[in-house]
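# Commentary on secondary and tertiary structure
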Amino acid sequence: MMQQIYPAPAHNFSYELNKDFHFSAAHAIPSEDAGKCRHVHGHTYYVNITVAGDELDHAGFLINFKKIKELIHDRFDHSLLNDDQLFSQVDPDYFPTTEVVARSIWEIIEQHLEQTDNKPTCLQVFLRETPTSYVLYRPKGNRHGKS
Ligand SMILES: Nc1nc2c(c(=O)[nH]1)N=C([C@H](O)[C@H](O)COP(=O)(O)OP(=O)(O)OP(=O)(O)O)CN2
Ligand SMILES: [Zn+2]
């Protein structure tokens, strides 16, 4: 849900930004345990990304809000997640579950941030799959040695 208050990660960075956006995608979870979710079905995923750091870039940004959305929305919106090379049909650690999609979003964002001059870090990905179900992904520690 847009404009909701999200659980906040603890940290000592000077700046923290949050970006909300949503995308529509279909998926199927290739596990017997998934019941009806084994069949292809769609969701509007609501995402909140938390990025933090101590240094700003040449524009005075930690990271342009637009870039965060672009990295994820352009890749997943109106797609079948199972078709993306990030996900697997055989390895449960890579099934397109909410948990794995949240972790994958973190990996895409963090990979981009590592290439920037000011090097902020993504502390948290909040991913809502349905009105009643969401996942928070927080990496263990981070490359700044802070958590
Ligand atoms: N831990 C997980 N459990 C489930 C996932 C998942 O990704 N991680 N995914 C699904 C289905 O894909 C689908 O999203 C259904 O979720 P669910 O919350 O069960 O949706 P409902 O609308 O049926 O839930 P209500 O309790 O009726 O609101 C299933 N599980
Ligand atoms: Zn689903």
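You'll find the structure just up there.
Everything numeric here is computed off the predicted structure, so don't read it as measured data.

Below, the discussion takes up the coordination of the zinc ion (ligand 2). Listed as protein donors to the zinc ion (ligand 2) are His27 (NE2), His41 (NE2) and His43 (NE2); their distances from the metal cover 1.9 to 2.1 Å. In primary sequence terms, the donor set of the zinc ion (ligand 2) follows H-x13-H-x1-H. A relative accessible area of 14% places His43 in the buried class.

Another aspect to go through is the pattern of salt bridges. Taken as a whole and judged by the stated rule, the model has four salt bridges. With its nearest N and O atoms 3.1 Å apart, the salt bridge here joins Glu70 to Lys67. Here Lys67 and Glu70 lie together in helix α1 (residues 65-76), a separation of three residues that amounts to about one turn. Owing to a relative accessible area of 27%, Lys67 belongs among the partly exposed residues under this scheme. The closest approach of N and O atoms between Glu107 and Arg103, which form a salt bridge, is 3.6 Å. Of the two residues, Glu107 and Arg103 both sit in helix α2 (residues 98-114), four residues apart, roughly one turn of that helix. According to the relative accessible area criterion, Arg103 is buried, its value standing at 18%.

Attention now moves to the packing of aromatic side chains. Under the counting rule described, the total for this entry stands at six aromatic pairs. Between Phe23 and Phe76 the ring centres are 5.8 Å apart and the planes differ by 40°, which places this aromatic pair in the tilted class. Of this pair, Phe23 sits in strand β1 (residues 15-27) while Phe76 sits in helix α1; the two residues are 53 residues apart in sequence, bridging distant segments of the chain. Of the two residues, Phe23 and Phe76, both sit in the buried class. Measuring from ring centre to ring centre gives 4.6 Å for Phe126 and Tyr134, while their planes differ by 25°; the resulting arrangement is stacked. One aromatic cluster is present, built from ring pairs that chain together Phe23, Tyr45, Phe76 and Phe87. The ring of Tyr94 is capped by Arg103, whose NZ or CZ atom sits 5.1 Å from the centre of that ring.

A word on the site of ligand 1. The environment of ligand 1 is formed by His27, Ile29, Cys37, His41, His43, Thr97, Thr98, Glu99, Glu129, Thr130, Thr132 and Ser133. In this structure, an oxygen atom belonging to ligand 1 sits 2.3 Å away from a side-chain N or O atom of Ser133. In isolation ligand 1 exposes 620 Å². Once the protein is present, 52% of that is buried. Counting residues per element, the ones that place at least two in the shell around ligand 1 are β2 (41-53), α2 and β4 (121-130). Residue composition of the shell around ligand 1, by class: two nonpolar, eight polar and two charged.

Quick notes on the rules
Residues numbered from 1 in each chain as written. Chains lettered and ligands numbered in written order. Predicted model: local features only at pLDDT ≥ 70, side-chain atom pairs only at ≥ 80, totals over all residues. Heavy atoms only, no water. Donors = N, O, S within 2.8 Å, 3.2 Å for Na, K, Ca; no water. Buried < 20%, exposed > 50% of the residue type's maximum accessible area, 1.4 Å probe, protein only. Salt bridge = Lys/Arg side-chain N within 4 Å of Asp/Glu carboxyl O. Helix = DSSP H or I, 4+ residues; strand = E, 2+ residues; numbered from the N terminus. Phe/Tyr/Trp six-rings, centres within 6.5 Å; stacked < 30°, edge-to-face > 60°. Lys NZ or Arg CZ within 6 Å of the ring centre and 35° of its normal. Near = heavy atom within 4 Å. Polar contact = N/O pair within 3.5 Å; in protein donor to acceptor, adjacent residues only side chain to side chain. Areas by Shrake-Rupley, 256 points an atom, 1.4 Å probe, with all protein chains shown as cover. Nonpolar A, V, L, I, M, F, W, Y, C, P; charged D, E, K, R; others polar.

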